[in-house]
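Observations on the model geometry
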Amino acid sequence: MTVHFIGAGPGAADLITLRGARLLARCEVCLYAGSLVPRELLDECPPDARLVDTANLDLDQITAELVRAHEAGQDVARLHSGDPSVFSAVAEQMRRLDAAGVPYEVVPGVPAFAAAAAALKRELTVPTVGQTVILTRIAQQATPMPEGEDLATLGRSGALLVLHLAARYVDRVVGELLPHYGADCPAAVVAMASRPDELVLRGTLADIADQVKAAGVVRTAVIMVGRTLGASQFRDSHLYSTERERGCAAETGQLRAAQAE
């Protein structure tokens, strides 16, 4: 039997992937992050499925549930919010399962930053303005950041920064980024992205902190800072340019060039 780590998406129940929903429908056990995963998703589980809310469980208890289900010959759905590849605490669970000899797979989901970009109606990579997106957080009451990954260092890149788990500390975020991005740099905060109570705040580094505090946003939010958020004058992408070769002829030319090297 297998443990399926499934990305539940950013909040809206219909943003789970088809693969994730189909797995939910056949797993006899489902462990889910109760404070983050929409309850509607649990309706996809079999009527007699064992549902375990992990909100108040520690890593040992979660691992024990996964191993117990495996030993009983039951497939397990392990539902995580967003996508398992980013800030999901999946790595330590997989390490424990490796040690226990329990097989698992990972099913990707829609990450929170993608839902936030959709709410803002923005492409995060814009030709000639910005082609790099940095996903990060800040260390406050959580695990310390590795050396060189503090905001001051990352801010020197000028890339679009996407900060998770940082809304409560928005003053600190603004203070550390102002020297690198300037007060007029576009900034946005999206709370509860894709959910009915979604909240979108748009501004600059000069005023975004005041907006966040006035709205009472302290959790389940993504902060974005970067020039691409306000870009309107930029060159069209080469992808659809009339100057770009297309079709079989272009592929043949690329192959011949590669063979000649």
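Before reading on, note that the structure itself is shown above.
Everything in this summary refers to the structure shown in the same document. (Residues numbered from 1 in each chain as written. Predicted model: local features only at pLDDT ≥ 70, side-chain atom pairs only at ≥ 80, totals over all residues. Heavy atoms only, no water.)

Counted under the stated rule, the structure contains zero disulfides. Here Cys27 is not disulfide-linked; the sulfur of Cys30 is the nearest cysteine sulfur, at 7.7 Å. (Disulfide = S-S within 2.5 Å.)

Another aspect to go through is the sheet that holds strand S2 (residues 29-32). Read from one edge of the open sheet, five strands run S3-S2-S4-S1-S5, paired in parallel fashion. The sheet is open, and its two edges are formed by strand S3 (50-53) and strand S5 (104-107), each paired on a single side. Looking at each pair of strands side by side, their axes are set apart by 20° on average, direction ignored. In this sheet, strand S4 (residues 76-80) lies alongside S2 in parallel orientation, the contact comprising four bridges. The partner of Leu31 across the bridge, within S4, is Arg78. Across the sheet, helix H2 (residues 59-71) touches strand S1 (3-7), S2, S3 and S4, and the angle it forms with S2 is around 165°. (Pairing = 2+ DSSP bridges. Helix = DSSP H or I, 4+ residues; strand = E, 2+ residues; numbered from the N terminus. Axes fitted to C-alpha atoms, helices over the stretch in contact; angles between N-to-C directions. Contact = heavy atoms within 4.5 Å.)

Right, let's talk about the pairing of strand S8 (residues 186-191) for a bit. Most of S8 is tucked away, with six of its six residues classed as buried. Note that S8 and strand S9 (residues 199-204) share six bridges and pair antiparallel. Bridged to Val190 within S9 is Val200. Two elements, S8 and strand S10 (residues 221-225), share five bridges in a ladder whose sense is antiparallel. Its bridge partner lying in S10, Val189 is registered against Ile223. (Buried < 20%, exposed > 50% of the residue type's maximum accessible area, 1.4 Å probe, protein only.)

Let us look at the packing of H2 against helix H3 (residues 91-100). Two elements in contact, H2 and H3, have axes whose closest approach is 10 Å; the angle formed by their N-to-C orientations is 50°. The angle between the axes of H2 and H3 places the two elements in the oblique class. In the crossing of H2 with H3, the sense of the turn from one axis to the other is right-handed. Residues Leu59, Asp60, Ile62, Thr63, Leu66 and Val67 of H2 touch H3, and the partners they reach there are Glu92, Gln93, Arg96, Leu97 and Ala100. Tallied by class, residues from the contact of H2 with H3 come to six nonpolar, two polar and three charged. (Parallel < 35°, antiparallel > 145°, perpendicular 65-115°, else oblique. Left-handed = near helix turned anticlockwise from the far one by under 90°. Nonpolar A, V, L, I, M, F, W, Y, C, P; charged D, E, K, R; others polar.)

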